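Observations on the three-dimensional arrangement
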Amino acid sequence: MPKSQVVSIHPVTRIEGQARVDIHLDESGRVSDARVAISALRGFEQFVIGRPAEEIPRIVSRICGICPWMHHLAAVKAVDGCFGAVPPPTGQLLRELCQVIAHIHDKILHFFFLAAPDFVLGPDGDYSVRNIMGLVRQEPELAARVARMRQLGQAMLARFAGKSIHPVAGVAGGFSKPMLETERRELAADALVLLDFASFALDYAKRSVFSRFREELQSLGAITTGFLGAVDAQGNLRLYDGLLRLMRPDGSWVDFPASDYERHLAEQVEPWSYAKMVYAKSWGEGFSLNPAAPMGVYRVNTLARLNVCDQVATPRAQAELEDFRAQFGRPAQGTLLYHWARLIELVYACERTVELLADERITDPLVRTPAESKAGRGIGHVEAPRGTLIHDYSTDDNGCITRANLIVGTTHNIAPMNLSVRQAAASLICDGEVSESILNRIEMAIRAYDP
Amino acid sequence: MCLAIPMQVVAIQGGSDELLDPEVALVESDGVRKQIRLEMADRVPAVGEYVIIHAGFAIRTLTEEEAEYNLSLMRQMAEVLEREGRLPEAPQ
């Protein structure tokens, strides 16, 4: 009689870093458990204690260099809060502009370089070709266009906000420099190029990619959870600011300012996981990863944001949201729908970039109000590509950090990722047979979350 | 996933064709050498410079000086955890 065994996927091929998936099989070869362990940021909260708060936005972008702009801006907002600084409208607009442009680059990377090869070449493809080079050979024109677009967003940021490697442009009280009219005109022209590409990318994906995976979109790694994202007072999708909206699996929701996050969310460390997990405390059901009856589990990132918003305030993305909802409902639960939602957000980020650059206030020279170091508490929130990002700092009379707490996007999604992997593994593996193709599909369920 | 640990480039390979044979960076860490794609990087790094890697792609290039500063911040962070006896283990 075969013994129980553990099958590990490590490292998950294109989900690099310290991710690891363990699939536990019982004596009969059925999945008894599956776990995703992901190492996330640890130690930063202790490391910053005693440092001057205004240094943190510049330091965090060096440590959390995968999404430097997101951490930079969440940090700068938290420092605003500690010092009671209120940036002038143009300071906020310039920060938002940098943030939405950073989203564009990230979404192109994720979809075309990490996700598309699975879809275009199929999960049964050999891994040696199931990557961007396989895509290049199969779709050379598309790959050439992606290659031309890939750096445009980064180049736009570098031209205006200084080197994009480690952002320093956000400062307590606003932004470090105003935008010149010549800069605005050049950036606006580039933004239209990106918007065209974004619309093309979504059309391409709907026509040639998602249409071939109708069933998987709804079934692979499918779980039922709540969702968390940000909206403005009218319920429009927001990335830079807004209220947090926590939606239950049944679609009902509550809105609250990010500064109230501790009343709604709680953190927990499971012994087998390297990273903390977050759950919806305010639902009053506790936290459980029992696949038959998960409790307190919600998701963040693209699909979550599109589920929680009532509408999107830009026309092309709104038309796409309507089409998406007509097909998948609200809230849509299919895990692979993260990819579709990611491309709708790409269209939104491009439209919002065009809109911000057309706002006549964007070149106003008043971009910063003086900020004085003092004791206080500030909670900075932005919607990062990987989900809701919260920086929470307290300062002493000298403006030095006395306490810090961070919740990063991936942390919210670790619990649902575990459920999705368990679901995918249990539905694909029987009799202990674990083929390459099955492992690839399990990876796809994780990759949708873009950990 | 969030830590942007810089990896030093020990060689640049390929480059005969922009699309079909693009330049890739060979990086080394703990004696393990690995090819890293550069399609998403801001520029092609020189040998001796560093790259930040996300999901197998270099997403940013750092000069040696920038990378050393970043690494020193990370070392300080690890020291704080170590002092508190909280240096985390790799995932079990």
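Residues numbered from 1 in each chain as written. Chains lettered and ligands numbered in written order. Predicted model: local features only at pLDDT ≥ 70, side-chain atom pairs only at ≥ 80, totals over all residues. Heavy atoms only, no water.

**Things to note about the overall build of chain B**
A tally of regular secondary structure across chain B gives one helix and five strands. Reading the secondary structure of chain B in the N-to-C direction produces β-β-β-β-β-α. Burial statistics for chain B: of 92 residues in total, 47% are counted as buried. Total accessible area on chain B stands at roughly 4700 Å², and carbon and sulfur atoms take up 48% of it. (Helix = DSSP H or I, 4+ residues; strand = E, 2+ residues; numbered from the N terminus. Buried < 20%, exposed > 50% of the residue type's maximum accessible area, 1.4 Å probe, protein only. Areas by Shrake-Rupley, 256 points an atom, 1.4 Å probe, with all protein chains shown as cover.)

**Observations concerning the pattern of salt bridges**
All names here are of chain A. Taken as a whole and judged by the stated rule, the model has 34 salt bridges over all chains. In this structure, the salt-bridge partner of Arg-245 is Asp-310, at a minimum N-O distance of 3.1 Å. Taken together, the residues Arg-245 in strand β7 (residues 243–247) and Asp-310 in the loop between α11 (302–308) and α12 (315–328) connect sequence positions 65 residues apart. A relative accessible area of 25% places Asp-310 in the partly exposed class. Note that Asp-392 and Arg-377 form a salt bridge whose closest N and O atoms lie 2.6 Å from each other. (Salt bridge = Lys/Arg side-chain N within 4 Å of Asp/Glu carboxyl O.)

**Remarks on the sheet that holds strand β8 (residues 253–256) of chain A**
Residues and elements named next belong to chain A. Read from one edge to the other, the open sheet built from four strands follows the order β8-β7-β6-β11, with strand pairing classed as mixed. The sheet is open, and its two borders are formed by β8 and β11 (298–299), each paired with just one other strand. Bridge count between strand β6 (residues 226–231) and β7: five bridges; the pairing is antiparallel. Paired with Gly-229 across the strands is Arg-245, a residue of β7. (Pairing = 2+ DSSP bridges.)

**Digging into the confidence of the model for chain B**
Per-residue confidence for chain B gives a mean pLDDT of 80; residues scoring 70 or more make up 86%. Of all secondary-structure elements in chain B, the lowest mean pLDDT belongs to strand β3 (residues 32–37) of chain B, at 83, while strand β1 (residues 6–13) of chain B reaches the highest, 92. (pLDDT = per-residue confidence, 0-100.)

**Overview of the sheet that holds strand β14 (residues 401–407) of chain A**
Residues and elements named next belong to chain A. Spatial ordering of the open sheet is given by β12-β13-β14, a layout of three strands whose pairing is antiparallel. Only two strands of the sheet have a single neighbouring strand rather than two, namely β12 (376–384) and β14. Adjacent strand axes in the sheet meet at a mean angle of 10°, parallel and antiparallel pairs treated alike. Relative to β14, strand β13 (residues 387–395) runs antiparallel, the two being bridged by six bridges. Bridging from a neighbouring strand, Ile-390 pairs with Ile-407 of β14. (Axes fitted to C-alpha atoms, helices over the stretch in contact; angles between N-to-C directions.)

**A word on the nonpolar core**
For soluble globular proteins, the rule of thumb is that nonpolar side chains tend to be buried together. If you look at the biggest cluster of nonpolar residues, it comprises 129 residues, and the most contacted ones within it are Ile23(A), Phe112(A) and Trp340(A). In terms of residue count, helix α4 (residues 89–121) of chain A provides more of this core than any other element does, 17 residues in total. Formed by 22 residues, the second largest nonpolar core is a distinct cluster that contains Phe44(A), Ala78(A), Phe83(A) and Met77(B). (Core = buried A, V, L, I, M, F, W, Y, C linked by side-chain atoms within 4.5 Å.)

**Examining the confidence of the model for chain A**
On average, residues of chain A score 89 in pLDDT, and 91% of them are at 70 or above. Per-residue pLDDT stays below 50 along residues 11–17 of chain A; that stretch engages in 25 contacts with residues further than four places along the chain or on separate chains. (Contact = heavy atoms within 4.5 Å.)

**Section: helix α13 (residues 337–358) of chain A**
Over its 22 residues, α13(A) runs 32 Å from end to end, which matches the ideal 32 Å to within 8%, given 1.5 Å per residue. Among the 22 residues in α13(A), 19 count as buried, and that is most of the element. (Expected span 1.5 Å × (residues − 1).)

**Thoughts on helix α3 (residues 68–83) of chain A**
Residue and element names in this part refer to chain A. Helix length check: α3, at 16 residues, gives a terminal C-alpha distance of 22 Å against a target of 22 Å (1.5 Å per residue), a fit within 8%. For α3, the buried fraction is high: 15 of the 16 residues fall into the buried class. Residue Gly-84 follows α3 closely and has a positive phi angle near 65°.

**A word on the side chain of Thr225(A)**
Residues and elements named next belong to chain A. Assignment of secondary structure puts Thr-225 in the loop between α9 (214–219) and β6. Polar side-chain contacts of Thr-225 include one of 2.9 Å to the side chain of Arg-299. Non-local contacts of Thr-225, meaning those with residues more than four positions away in its chain, are made with Pro-249, Val-297, Tyr-298, Arg-299 and Gln-333. (Polar contact = N/O pair within 3.5 Å; in protein donor to acceptor, adjacent residues only side chain to side chain.)

**Examining the packing of helix α2 (residues 56–63) of chain A against α3(A)**
All names here are of chain A. The contact between α2 and α3 brings their axes to 8 Å, and the two run at 155°. On the basis of the axis angle, α2 is roughly antiparallel to α3. Our pair here, α2 against α3, has a crossing hand that is right-handed. Here Pro-57, Arg-58, Val-60 and Ser-61 of α2 come into contact with α3, specifically with Pro-68, His-71, His-72, Ala-75, Val-76 and Val-79. In terms of residue class, the contact of α2 with α3 is made up of six nonpolar, three polar and one charged. (Parallel < 35°, antiparallel > 145°, perpendicular 65-115°, else oblique. Left-handed = near helix turned anticlockwise from the far one by under 90°. Nonpolar A, V, L, I, M, F, W, Y, C, P; charged D, E, K, R; others polar.)

**Topic: the packing of aromatic side chains**
Residues and elements named next belong to chain A. Taken as a whole, this structure holds 14 aromatic pairs over all chains when the rule is applied. Plain terms: the ring middles of Phe-111 and Phe-112 are 5.1 Å apart, the flat faces sit at 90° to each other, and that makes the pair edge-to-face. With relative accessibility at 0%, the residue Phe-111 sits in the buried group. Exposure remark for Phe-112: the relative accessible area of 1% places this residue in the buried category. Here Phe-210 and Trp-340 contribute two aromatic rings whose centre-to-centre distance is 4.9 Å and whose plane-to-plane angle is 10°, an arrangement assigned as stacked. Of this pair, Phe-210 sits in the loop between α8 (181–209) and α9 while Trp-340 sits in helix α13; the two residues are 130 residues apart in sequence, bridging distant segments of the chain. By relative accessible area, Trp-340 is classed as buried at 2%. Among the aromatic residues, those joined into a cluster by ring pairs are Phe-111, Phe-112, Phe-197, Phe-200, Tyr-204, Phe-210, Phe-324, Phe-328 and Trp-340. The ring of Tyr-240 carries Lys-77 above its face, with NZ or CZ at 4.0 Å from the centroid. Positioned above the aromatic ring of Phe-200, the side-chain terminus of Arg-145 is 4.4 Å from the ring centre. (Phe/Tyr/Trp six-rings, centres within 6.5 Å; stacked < 30°, edge-to-face > 60°. Lys NZ or Arg CZ within 6 Å of the ring centre and 35° of its normal.)

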